[in-house]
Structure formats: C-alpha cells, structure tokens
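Each chain, written out:
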Amino acid sequence: KKVLIIGGVAGGASAAARLRRLDEDIEIIMFERGGYISFANCGLPYYIGGTINERQKLLVQTEEGMEKRFNIDVRTHSEVTNIFTDTKEVEVVSNGKTYKEKYDYLILSPGAAPFVPSIEGVSLDQIYTLRNMEDVDRIKEHVTKNKINKAVVIGGGYVGIEMAENLKHIGIDTTLVEAAEQVMGPLDFEMAKMIEKHMIDNGIKLIVGDAVEKFEKGNTLELTLKSGKKLNTDIVIMAIGVRPEINLAKKAGLEIGERGGIKVDSNMKTSDPYIYAVGDAIEVEDFINGVNTLIPLAGPANKQGRIAADNICGRESVYKGTQGTSIIKVFDLTAASTGNNEKTLKTQGIPYVKSYTQSGSHAGYYPGAFQMTIKLLFSPEDGKILGAQIVGRDGVDKRIDVIATAIRAGMTVYDLEELELAYAPPYSSAKDPVNIAGFTAA
Ligand code: FAD
C-alpha cells in the first residue's frame, strides 16, 4: 500500500505517525511546501516575545527525525500542484522540477492560510501574517534588525492577541485594531470585555469597532481607519482569521462544503473514496448543534489525522465533531471556552439558560487564590450543558477541561453538581468552581 500525505504539520504528521504505527509495510511519502515539518505553530508568538528563546525548540520533529523514527519519506520544499483522481497520481513541484507520484490513498492536510483582505496598500512590505517558520523568521528579523518602536496588530482573535502581548513584552508600543465590537469571537461580549480591560491595563492600545481602510508608506507606515483615525507604525501584523486551503481539492473536483472547507464524512473521507482530508482545510460538524462549520484548532487536526490513518488501515474510526475547546493566556489572565456561546445558540435557534458564577481558584485561606468567572449555558429542558466560558487567572484550564469532558459525555448541570473533583487547599475548594456552577444552574 502506498499513502501520500499533503502537508507535514499538525494533521499530516499525525496521520503519518499513526499509519506507521498501524502498519510497518506501508510506503508513506509526506509532501510539505515549506521548509519545515511538525513545527510548533502554536508556539510562534512566544518566540517573537522571547518566552521561547531558542528557535530550535519550535522544531518539534525534523525531517531526518521523522524519516529515522518512522521510516517516512519526507519531502520538504515540495508542493503538490495537482491531483489526478482517475490515475491516482499527484503532481509535485520541487526546486523547479515537476514530477508525478502514484498513490493508493491520499491524505490532504493543507491547513488554512491567513486571510488578507483587499485593502489599499496591503501588499506593503511591513505588513506580515504569521503561520509558519518562514513567517516567524521574517517578523523576528524585522523586529530585531530595525529596532522597531511601534506595532499595530489587526484582528483580536487568538493569534492577534497573542502577538500583541508578545510584542508588548519586548517593549514595543502596540495597538490592536478589531473591527467587531469585541475581541475574542469565541467568548460572548461581557466575557470578552474582561479580557479587553486587562489588555488595556497592561498597556495595549485597543481599538474595537473600527477597521483599517488604507495603508500608506511614508517614513513609517500610516494606517487610516474607517472612523478617520490615523495610526503610524513600523510593523503591521495581520491576523484577521484564516481560510481553508482548498484550491488543490477544488481543482481535483473534490466536493467543497457550504462554509468553504473540504467536505468529508465522519471517517474523514472526501467525495473521492481514495482521498481523505483533515485539519483546518475541512468542514467539521459542530458537536453541539450539528451544523457544519470551520474550527481551525490543533487538537482536532491531530485527532482527525489519526482517524484518517485508522480508516486507511481498515480500522473503522469515526470523528464525532468538534466542540471548539480553546484557551488563551492574556497577560495575567486566562480565558477559555468550550461548546457553543450565546451568540451561536441564538443564531441556531437553540433554547438555552445561562448562569454566571464567581469562585476562587482554590481555598481563600490558602495564599494565591484568584476569582474566576464561569458562564455556563445549558438546556432549559433537561439541563444538558451546551457551552461554557471562563475568565480568571489560576485553574481556568482545569475547569474548562472538566466541563469540556462533561459536554463530550452528554452530561447535564445536575451531573456537574455530583462530580467528585480533587481537593486540597492549594488546588481547589471542597466545592470546586465546577460544582458551584452546577449548584447555581441546577
Ligand atoms: P497546518 O498545521 O497549517 O499544516 C498544513 C501544511 O500543509 C502547511 O505547512 C502548508 O505549507 C502545507 N501545504 C499546504 N498546501 C500544500 C501543498 N499543495 N503541497 C505541500 N504542502 C502543502 N491551535 C490551537 O489549538 N491552539 C493554539 O494555541 C494555537 N495557536 C496557534 C498560533 C498560531 C500563530 C497559528 C498560526 C496557529 C495556531 N493554532 C492553534 C492553530 C493550529 O496551528 C492549526 O489548527 C493546526 O496547525 C492545523 O493543522 P493542519 O495540519 O490542518 O494545518
């Protein structure tokens, strides 16, 4: 059996490793357009800010490592430019040479590319996006060589906020511009406002509800916003979201979903029986409301890669949807969410009740406890948990993961009351914040 994989990072590398674990004899070739495989995309902003100070640490697995450990033929600087489904071949361009490679099965994990809107001046060379090692090297070089003083980050999602914090961390005067009325789309308005206040308290100049209309180059880069406001900066980081990379799939005639991602079934199979697709490039079913959606996160990409490999090796393996569990550090705060937020429940017409609780991260009499706010959304009929958002300092990660697990298991707010969670004063209270959320909701 011969399996080709397109994309050598989260989903692609997971699929490759799983294929090898399941079958020692499969021939596996992994193509990666860029120069690196298996790098830590999620760590990139922290390398700019210096928290991760060795570039090497971002390279989780190298080409040689993958070849040696898993006997996988890794081909970097190799872009797959065509898929011929009738002859089961791909066309590869590498260092100016074009060749074809046959497959029995093909796995697509091409990811999603940062979206760059068509704004006047957007192609100026001080405007950067952040996706891979090449991008991070370019930004790092510009920031350190030119000793820049001012930065503008456009977009208040995860990448935008992480970049703003990291640029501020290295002493750069940073402005974040967000077109919507709030940062952090996965959170509801009132939860996001806690994050915004904290960003401002930590010196980020935050502009929400305003969008960039024009970039112009003078001594520095000048931005004109919709409101007429002008900003001067030495660098712009454009982080307004990503779009699935579907060109290749489209050209090959694979079905594309309504949301613009590659369509797959629950086995990760595309409309072609020999082609699987995973990761940021595909549409997934929302675990809560069942509607197809795009959720570009590393955990789902890795799991889907594994599932595609299972199915190719004859193990019936099913993906049950994505609930969008995510978390972010914003200076001293942590914000996390799982399941649907109020905005989504409203849009989908799903009835819900909400409750808010404030609890200490651990026993108040033991030093270092901080309050966290939990917003819980649940069904008025049976108390089934539909979503949760938490903003706090310490212990937010643990609580969101407990609730995320409860959602996976189809639990209700009554179940949250009953959960027996670990307690000693440095870690929690006899009534854990998750129990309290359950008590209040039930
Ligand atoms: P990718 O990991 O993007 O890999 C796709 C690869 O395919 C790319 O390297 C691309 O070069 C290659 N490729 C595309 N087309 C071709 C072709 N035709 N031929 C050959 N190669 C091709 N997620 C989280 O859950 N938590 C986080 O904290 C987090 N932080 C992030 C921070 C940043 C800065 C970024 C950019 C992303 C972050 N993510 C995070 C998202 C996460 O990295 C992605 O969800 C995940 O990497 C998706 O995996 P993937 O395999 O679908 O795509």
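Just above sits the structure.
Now for a quick tour of the structure. A quick note: this is a predicted structure, and the numbers were derived from the prediction, not measured.

The next subject is helix α4 (residues 133-145). In a regular helix each residue adds 1.5 Å, so 13 residues correspond to 18 Å; α4 covers 18 Å between its end C-alpha atoms and thus fits that length. Every buried residue of α4 is accounted for by M133, V136 and I139. End-on, the buried residues of α4 take up no more than an arc of 130°, which puts them together on one face. Across from the buried face of α4, at angles greater than 90 degrees, the exposed residues are E134, E141 and K145. On its buried side, α4 packs onto α2 (44-48) and β9 (127-128). Two residues or fewer past α4, K147 is found with a positive phi of approximately 40°.

This part covers the nonpolar core. Residues I5, I107 and A277 are the most contacted members of the largest nonpolar core, which totals 118 residues. In this view, I5 contacts G12, A15, A16, I28, M30, F31, I107 and S109; residues no more than four positions away in its chain are not counted.

As a further point, take the site of the ligand. Every one of the 34 residues lining the ligand counts as a neighbour, but G7, V9, A10, G111 and G279 are closest to it. For the shell around the ligand, the secondary structure elements donating two or more residues are α1 (10-22), α2, β4 (78-84), α5 (158-169) and α8 (298-312). When its residues are assigned to classes, the shell around the ligand shows 18 nonpolar, 10 polar and 6 charged.

The antiparallel open sheet is built from 5 strands, whose spatial order is β21-β22-β25-β24-β23. Single-partner strands in this sheet number two, and they are β21 (326-330) and β23 (353-360). Across the sheet, the mean angle from the axis of one strand to that of its neighbour is 15°, orientation sign disregarded. Alignment of strand β22 (residues 333-339) against strand β25 (residues 385-392), held across 6 bridges, turns out to be antiparallel. Its bridge partner lying in β25, T338 is registered against A388. In this fold helix α12 (residues 433-441) packs onto β23 and β24 (371-378), with an angle of close to 140° to the strand it touches most, β23.

What counts, and at which threshold
Residues numbered from 1 in each chain as written. Predicted model: local features only at pLDDT ≥ 70, side-chain atom pairs only at ≥ 80, totals over all residues. Helix = DSSP H or I, 4+ residues; strand = E, 2+ residues; numbered from the N terminus. Expected span 1.5 Å × (residues − 1). Buried ≥ 20, exposed ≤ 12 C-beta atoms within 10 Å, placed from the backbone. Arc of directions from axis to C-beta. Contact = placed C-beta atoms within 7 Å. Core = buried A, V, L, I, M, F, W, Y, C linked by C-beta atoms within 7 Å. Near = placed C-beta within 6 Å. Nonpolar A, V, L, I, M, F, W, Y, C, P; charged D, E, K, R; others polar. Pairing = 2+ DSSP bridges. Axes fitted to C-alpha atoms, helices over the stretch in contact; angles between N-to-C directions.

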